[in-house]
Amino acid sequence: MNPLSHPFAQFVKEHQAPIRRLFLNLTLGDSMLSDDLAQETFIKAYTSWDRFLHLASTRTWLYRIAYNVFYDWKRSQHPTEGLSPAHTRQGRYDHDPNLKDDIYQAMSLLTDTERLCVTLALVEDRPTKEVARITGLNESTIRSHIHRAREKMTRFLKDNNYD
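No experiment lies behind these values; they were computed from the predicted model shown. (Residues numbered from 1 in each chain as written. Predicted model: local features only at pLDDT ≥ 70, side-chain atom pairs only at ≥ 80, totals over all residues. Heavy atoms only, no water.)

### What to know about the overall build of the chain
Here is step 1: Scanning the chain from terminus to terminus reveals 8 helices and 0 strands.
Here is step 2: Seen in sequence order, the chain has helices and strands lined up from the N terminus as α-α-α-α-α-α-α-α.
Here is step 3: By the burial criterion, 40% of the 163 residues in the chain qualify as buried.
Here is step 4: Here the analysis covers contacts within the chain between residues at least 6 apart in sequence; of these, 65% occur between residues at least 24 apart.
Here is step 5: A total of about 9,800 Å² of accessible surface is found on the chain, and carbon and sulfur atoms cover 52% of it. (Helix = DSSP H or I, 4+ residues; strand = E, 2+ residues; numbered from the N terminus. Buried < 20%, exposed > 50% of the residue type's maximum accessible area, 1.4 Å probe, protein only. Contact = heavy atoms within 4.5 Å. Areas by Shrake-Rupley, 256 points an atom, 1.4 Å probe, with all protein chains shown as cover.)

### Describing the confidence of the model for the chain
Here is step 1: Of the residues in the chain, 84% have a pLDDT of 70 or more, and the chain-wide mean is 84.
Here is step 2: With pLDDT under 50 throughout, residues 80-96 is counted as low confidence; its partners more than four residues away or in other chains account for 13 contacts. (pLDDT = per-residue confidence, 0-100.)

### Comments concerning unusual backbone geometry
Here is step 1: For Leu 28, which is not glycine, the phi torsion reads 60° and is therefore positive.
Here is step 2: For Leu 28, the position within the fold is in the loop between α1 (7-26) and α2 (31-48).
Here is step 3: Looking at Leu 28, the relative accessible area reads 1%, which means it is buried.
Here is step 4: Positive phi values are uncommon outside glycine, yet Asn 161 reaches one of about 70°.
Here is step 5: Mapped onto the elements, Asn 161 comes out in the segment after α8 (139-159).

### Let's talk about α2
Here is step 1: For α2, which comprises 18 residues, the first-to-last C-alpha distance of 26 Å matches the rise-based estimate of 26 Å (1.5 Å per residue) to within 8%.
Here is step 2: If you check which residues of α2 are buried, you get Leu 33, Ser 34, Leu 37, Ala 38, Thr 41, Phe 42, Ala 45 and Ser 48.
Here is step 3: On its buried side, α2 packs onto α1 and α3 (58-76).
Here is step 4: Measuring from the side-chain oxygen of the N-cap residue of α2 to the backbone nitrogen of Met 32 gives 3.4 Å; that N-cap residue is Asp 30. (Expected span 1.5 Å × (residues − 1). Polar contact = N/O pair within 3.5 Å; in protein donor to acceptor, adjacent residues only side chain to side chain.)

### A look at the side chain of Thr 135
Here is step 1: Within the secondary structure, Thr 135 is located in helix α7 (residues 128-135).
Here is step 2: Residue Thr 135 is classed as buried on the basis of its relative accessible area, which comes to 5%.
Here is step 3: A distance of 3.2 Å separates a polar atom in the side chain of Thr 135 from the backbone nitrogen of Leu 137.
Here is step 4: Excluding residues within four positions of it along the chain, Thr 135 makes contact with Arg 64, Tyr 67, Leu 116, Leu 120 and Ile 142.

### A closer look at the side chain of Ser 34
Here is step 1: Topologically, Ser 34 is positioned in helix α2.
Here is step 2: Sequence-distant contacts of Ser 34, defined by excluding residues within four places in its chain, comprise Arg 20, Phe 23, Leu 24 and Thr 27.

### Observations regarding the nonpolar core
Here is step 1: Formed by 31 residues in total, the largest nonpolar core has its most connected members in Ile 19, Leu 22, Phe 23, Phe 42, Leu 116 and Leu 120.
Here is step 2: Sorting the residues of this core by element identifies α1, α2, α3, α6 (112-123), α7 and α8 as the ones contributing at least two each.
Here is step 3: Per element, the largest residue contribution to this core is 9 residues, and it comes from α3.
Here is step 4: Once residues within four sequence positions are removed from consideration, Leu 116 is found in contact with Leu 22, Leu 26, Tyr 67, Tyr 71 and Thr 135.
Here is step 5: Membership of the second largest hydrophobic core comes to 11 residues, among which are Leu 24, Ala 149, Met 153 and Leu 157. (Core = buried A, V, L, I, M, F, W, Y, C linked by side-chain atoms within 4.5 Å.)

This is the structure:
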């Protein structure tokens, strides 16, 4: 059997771009880390492929794995004492003031949960009900996170001369 014709290979082809995009938003544009996290997600999916019970769509199942991979990575990090991640990235944005970097900087003001909800609901265009299944959060909580995130990002972008 050709390994590229295996159902999981087709699954990876179909979902690798959205999963990588999810991680790019969660890691604020760190492409190397995003690739590593995406790879870890697909490894975990592959090792549990035979145990998938189809209680949710395969896309929701994969996003749930990605969610867990991101939070496992996040818990393993020990940020520099006294500095938030936004402070440690500040210099990077001073040298390249384009919209993409400003959006990542605006997203750095969000909590991890707000960033996840915004990415899944607004960037990936997932329905609130699916975001709830992925994150385990209540739908009204997700809407609240998105509302607060929009306010924070809008304020930041307006303060930086975007209308």
